[in-house]
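Here is how the chains run, residue by residue.
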Amino acid sequence: MNSASNRHSRPMRLRYLLLKWRAQAGLVLGLRQFALDAFDEMLALRPGDAYALASRAHASAQAGDRAAAIADYRALLIVTADHPSAWFNLGFLLEQQGELDEARAALERAVELDPKLDRAWYGLALVAIRQRRFDDAVVALERNTKLQPMSPHGWYQLARVQVDRHQPEEAVKIIRHLQGFEPKVAAQLERETGLLLTPRSVG
């Protein structure tokens with residue numbers, strides 16, 4: 001019985017590996033639909049296959065099909081519920097779709113599973129900003145900038161949020177901080193906020 005089962009499963013495994021190779025080759029060559037078709041066949045052989053779901057979701061997102069990518073990430077998280085990157089990707093796509101409450105829940109789950117996932121803190125801040133929950137945005141951005149102190153993106157958003165919170169002195173501190181390693185971003189914030197404007201030199 002076991003021998004017969006093994007003989008039956010061996011061709012299935014080979015078929016799966018061939019489809020996996022086809023999918024990977026399609027992605028490398030930029031043939032997304034070819035790759036997506038291969039992922040579909042992989043899932044027909046192994047419903048709920050985590051690799052195929054994650055890869056298909058990524059390919060769909062790259063192709064601009066957010067709805068398909070969201071569906072794949074939801075299916076993936078049924079299979080592997082403790083996958084912080086999948087929760088982040090789901091939250092990122094939901095935020096882009098304007099589904100902010102669901103995006104927030106997904107991103108909160110991502111940082112709960114991996115508190116060092118800096119991009120999830122940043123995404124959580126963007127959702128909070130869109131919902132005008134500025135205090136929550138500050139908390140998320142402070143976590144993001146602590147994890148990525150040399151990235152200007154979190155600092156930029158944090159300065160803008162401090163202005164929205166009517167805390168210009170905090171925004172000024174951030175601009176001064178950025179002048180030390182990202183002077184272009186600091187200058188952009190000066191222009192956008194009207195803070196710390198450098199007087200024009202007289203020729």
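Residues numbered from 1 in each chain as written. Predicted model: local features only at pLDDT ≥ 70, side-chain atom pairs only at ≥ 80, totals over all residues. Heavy atoms only, no water.

Draft legend 1. Broad picture of the overall build of the protein. Of the regular secondary structure elements, the protein holds 11 helices and 0 strands. Written out in order from the N terminus, the α and β elements of the protein read α-α-α-α-α-α-α-α-α-α-α. For the protein, the C-alpha radius of gyration of 23 Å lies well beyond 17 Å, the compact-globule estimate for 203 residues. Considering only C-alpha atoms, the protein reaches an extent of 85 × 40 × 25 Å along its principal axes. Of all intrachain contacts in the protein linking residues separated by at least 6 positions in sequence, the fraction that spans at least 24 positions is 40%. Surface accessibility of the protein: about 11700 Å² in total, with carbon and sulfur atoms responsible for 54%. With 27 positive and 24 negative side-chain charges, the protein shows a spacing of 6 Å between the two charge centroids. (Helix = DSSP H or I, 4+ residues; strand = E, 2+ residues; numbered from the N terminus. Rg over C-alpha atoms; globule rule 2.2 N^0.38 Å. Contact = heavy atoms within 4.5 Å. Areas by Shrake-Rupley, 256 points an atom, 1.4 Å probe, with all protein chains shown as cover. Lys, Arg positive; Asp, Glu negative; His and termini not counted. Charge placed at Lys NZ, Arg CZ, Asp CG, Glu CD.)

Draft legend 2. Spotlight on the packing of aromatic side chains. Under the criterion given, the structure shown has 1 aromatic pair. Between the NZ or CZ atom of Lys-20 and the centre of the ring of Tyr-51, over which it lies, the distance is 4.4 Å. In this arrangement the basic side chain of Arg-46 is found over the ring face of Tyr-16, its NZ or CZ atom lying 3.8 Å from the centre. (Phe/Tyr/Trp six-rings, centres within 6.5 Å; stacked < 30°, edge-to-face > 60°. Lys NZ or Arg CZ within 6 Å of the ring centre and 35° of its normal.)

Draft legend 3. Structural context of the packing of helix H2 (residues 32-45) against helix H3 (residues 50-62). In contact at an axis separation of 10 Å, H2 and H3 are set at 155° when each is read in the N-to-C sense. Taken as axis vectors, H2 and H3 run roughly antiparallel relative to one another. Crossing of H2 over H3 shows left-handed handedness. Contacts from Arg-32, Leu-36, Phe-39, Asp-40, Met-42 and Leu-43 in H2 reach Tyr-51, Ala-52, Leu-53, Ser-55, Arg-56, Ala-59, Ser-60 and Gln-62 in H3. (Axes fitted to C-alpha atoms, helices over the stretch in contact; angles between N-to-C directions. Parallel < 35°, antiparallel > 145°, perpendicular 65-115°, else oblique. Left-handed = near helix turned anticlockwise from the far one by under 90°.)

Draft legend 4. Quick look at the side chain of Ser-60. By secondary structure assignment, the location of Ser-60 is in helix H3. Take Ser-60: its relative accessible area is 2%, and that puts it in the buried class. Among all residues touching Ser-60, those that are not within four sequence positions of it are Leu-36, Asp-65, Ala-68, Ala-69 and Asp-72. (Buried < 20%, exposed > 50% of the residue type's maximum accessible area, 1.4 Å probe, protein only.)

Draft legend 5. Up close: the nonpolar core. In this structure, Met-42, Tyr-73, Leu-90, Ala-120, Leu-178 and Leu-189 are the most contacted members of the largest nonpolar core, which totals 54 residues. Apart from residues lying up to four places away in sequence, Leu-90 is in contact with Ile-70, Tyr-73, Arg-74, Leu-77 and Ala-106. (Core = buried A, V, L, I, M, F, W, Y, C linked by side-chain atoms within 4.5 Å.)

Draft legend 6. Fine view of the packing of helix H5 (residues 84-97) against helix H7 (residues 118-130). Contact geometry of H5 with H7 gives a least axis separation of 10 Å together with a crossing angle of 25°. One way to sum up the angle between H5 and H7 is to call them roughly parallel. Between H5 and H7 the crossing geometry is left-handed. Judged by residue contacts, Ser-85, Phe-88 and Glu-95 of H5 engage Arg-119, Ala-120, Leu-126, Val-127 and Arg-130 from H7. Broken down by class, the residue content of the contact of H5 with H7 amounts to 4 nonpolar, 1 polar and 3 charged. (Nonpolar A, V, L, I, M, F, W, Y, C, P; charged D, E, K, R; others polar.)

Draft legend 7. Looking closely at the side chain of Glu-95. Tracing the sequence through the fold places Glu-95 in helix H5. Looking at Glu-95, the relative accessible area reads 13%, which means it is buried. Each residue touching Glu-95, except ones within four places of it in the same chain, is listed here: Leu-100, Ala-103, Leu-126, Val-127 and Arg-130.

Draft legend 8. Here's a closer look at helix H6 (residues 100-113). The end-to-end C-alpha distance of H6 is 20 Å, a good match for the 20 Å that 14 residues give at a rise of 1.5 Å each. Of all the residues in H6, the buried ones are Leu-100, Ala-103, Ala-106, Leu-107, Ala-110 and Val-111. One side of H6 carries all its buried residues, which in axial view fall inside an arc of 135°. Counted as exposed and oriented over 90 degrees from the buried face of H6: Asp-101 and Glu-112. Along its buried surface, H6 packs onto H5 and H7. (Expected span 1.5 Å × (residues − 1). Arc of directions from axis to C-beta.)

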